[in-house]
Amino acid sequence: MAKADPKKADTLKPRLPRGFLDRREEEIAAQHRMLEEIRRTFELYGFEALETPFIEYTEALGKFLPDLDRPNEGVFSFQDDDESWLSLRYDLTAPLARFVAEHFDAIPKPYRSFRAGYVFRNEKPGPGRFRQFMQFDADIVGAPSVAADAEICMMAADTLDRLGLKGQYVIKVNNRKVLDGVMEAIGLAGDDQAGRRLTVLRAIDKLDRLGPDGVRLLLGAGRKDESGDFTKGAGLPEDAIERILAYVSFQASPSDGGDRVHFWEQFFRSWGNVVGDSETGREGIAELHAIMRLCTAAGYSHDQIRADPSVVRGLEYYTGPVYEAELTFPVTNEEGQVVRFGSVAGGGRYDGLVGRFRAEPVPATGFSIGVSRLFSALQLVRSPLLQGTRKPGPVVVLVLDRENVADYQRLVAHLRAANIRAELYLGGAGMKAQMKYADRRRAPVAIIQGSNEREAGEVQIKDLIEGARAAETIASNAEWKAARPAQFSVPEAEMVDRVREVLARHFSPTA
């Protein structure tokens, strides 16, 4: 029986924690191009960059913290040396609220900022659910007017246009106040009705998937799905169900009644009938009407930005308009069904968050882009933005005489001084293995200098890209040695210029 190797027994198994990902250069570079385009769009609207740390005091997370009594539930938390609880940030909005409150008198108001960075969720990972992911946020703090909400919607549309998704998205807009008005109109106001309100909102949220008939069942006694599972409904009376369906089902064509202004008047008149005498509901409708008028005046079409009753995101947190950027092109899900790609960004007005730190109310509105999800969408539509120009690997200087490493290092230094990406081979292998290494590094050029070349003050420049092309047409090893494709000698003093010539043949100046 073979004895166990004690060294192997002590070897750790390399494994990535669940819910986290490694990413390599090409994906990082492609995502960087996407983020740069988003940044340029946000700056066009007058937003400025802000960076906050990964860690905040747990109490600063506010409504984002699932359970104050269990600070490590939902978020990653630990205690500082003074026993204060700290947490990895759950999103980018709570840190913004803390920053604004802390620097309130020093920043211009309204304050327009954007932030990009990783956020963390201490939740069970699954398909498409990660415990670390990137968001890109933009917010306006200190602007009570719904003109700020309209600006956010317009900027979201412009961002998706500039990313190459024109005609493949819609920015849907709703208002927390309208939904509160609907709840008041059907008798579900008050804390004692919170559970039924949540059931109603969840039913409305399924409108796109189940249609009006499915929502009707969930608003009533309940619904049995295709597998036979039964979901208990809200148990609303028939008149309340009809009122909600009238609210969620009104989807008139924007051409009805002639111009767009008349269309929105008709649209919101139908919602006014639903909320009845609710002052809150009518205030919400007026705000939505104002947003649509502003977006229409700025030239945005009904296909780009429109009011939509199905948007019910995060209603325990938002205080007014809410919006969601939905991609409309079809994809095939895990069950083989053809569905819309869905939401890649969302947000709304949250007038209460900054006010947690200050006595006076501080209005705020903003939205957050799910970077990974948007990146996946751009990959699906084969966005040219992600393709870019492939970055060449480094020029590799081979080491043939190890006692002369300083001479090879000098060649590398000349290339780097000329702003040419270059590296010295630092392994211990021979020339054949070094050439394989250069190939794996996607090196466009290899620099070779043996003792004969050094005595003559020359180097061999090997164009690896041209050599690979020539190799496809060379049949035998003898033919290869006779041709020595794409390899030539030059004086050391000409090395930089000749390498530049080779790179210029294969790559654009910006590569």
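Residues numbered from 1 in each chain as written. Predicted model: local features only at pLDDT ≥ 70, side-chain atom pairs only at ≥ 80, totals over all residues. Heavy atoms only, no water.

You'll find the chain entered in an unreviewed UniProt entry as Histidine--tRNA ligase, with Methylobacterium soli given as the organism. As recorded by UniProt, the Sequence similarities (unreviewed entry) comment attached to the chain reads in full: "Belongs to the class-II aminoacyl-tRNA synthetase family." Turning to the chain, the UniProt annotation filed under Subunit (unreviewed entry) states: "Homodimer." (UniProt positions renumbered as here; feature names shortened; annotations may be inferred.)

Visitor: For helix α2 (residues 25-44), give the residues involved together with the corresponding values.
Guide: Its 20 residues place the ends of α2 29 Å apart at the C-alpha level, agreeing with the 28 Å of an ideal helix rising 1.5 Å per residue. Considered for burial, the residues of α2 that qualify are A30, Q31, M34, L35, E37, I38, T41 and F42. Relative to the axis of α2, the buried residues are bounded by an arc of 150 degrees and lie together on one face. In this structure, the buried side of α2 is in contact with β5 (111-120), β6 (132-141), α4 (146-165), β13 (364-370), α11 (371-380) and α12 (384-387). Looking one or two residues past α2, G46 carries a phi angle of roughly 90 degrees, positive in sign. (Helix = DSSP H or I, 4+ residues; strand = E, 2+ residues; numbered from the N terminus. Expected span 1.5 Å × (residues − 1). Buried < 20%, exposed > 50% of the residue type's maximum accessible area, 1.4 Å probe, protein only. Arc of directions from axis to C-beta. Contact = heavy atoms within 4.5 Å.)

Visitor: An account of the UniProt feature "binding site: L-histidine" (unreviewed entry) in the chain is needed here, citing residue identities and associated values.
Guide: The UniProt record annotates "binding site: L-histidine" (unreviewed entry) at D91, L92, T93, R121, Q135, D139, R313, Y317 and Y318. On the secondary structure map, Q135 appears in strand β6. Not counting residues up to four positions away in its chain, the partners in contact with Q135 are D91, L92, R115, A116, G117, V119, R121, S368, I369 and V371. Relative to the helices and strands, D139 resides in strand β6. Residue classification places D139 among the buried residues on the basis of a relative accessible area of 2%. Non-local contacts of D139, meaning those with residues more than four positions away in its chain, are made with F47, T93, L96, Y111, R112, S113, R115, Y350, T365, G366 and F367.

Visitor: Any details on the packing of aromatic side chains? Residues and values, ideally.
Guide: Counted according to the given criterion, the structure contains 11 aromatic pairs. Taking the centre distance of 5.3 Å and the plane angle of 90 degrees together, the rings of F42 and F136 count as edge-to-face. Separated by 94 residues along the polypeptide, F42 in helix α2 and F136 in strand β6 bring together distant segments of the chain. Look at F268 and W271: their rings are 5.7 Å apart centre to centre, the planes differ by 80 degrees, and that puts the pair in the edge-to-face class. Separated by 3 residues within a single helix, F268 and W271 lie in helix α9 (residues 260-275), roughly one turn from each other. Three or more aromatic residues link up through ring pairs in this structure, and these residues are F42, F47, F114, F136 and F367. In this structure, R358 is placed above the aromatic ring of F104, and the distance from its NZ or CZ to the ring centre is 3.9 Å. (Phe/Tyr/Trp six-rings, centres within 6.5 Å; stacked < 30°, edge-to-face > 60°. Lys NZ or Arg CZ within 6 Å of the ring centre and 35° of its normal.)

Visitor: Describe the nonpolar core, with residues and values.
Guide: Grouped together as the largest cluster of nonpolar side chains are 85 residues, with contacts concentrated most on M34, F42, I171, L236, I305 and F367. Considering each element in turn, this core owes the most residues, 12 residues, to α4. The contacts of I171, once residues within four sequence positions are left out, are C153, A156, A157, L160, Q304, I305, R306, Y323, E324 and A325. In this structure, A418, I420, L424 and V445 belong to the second largest nonpolar core, which totals 21 residues. (Core = buried A, V, L, I, M, F, W, Y, C linked by side-chain atoms within 4.5 Å.)

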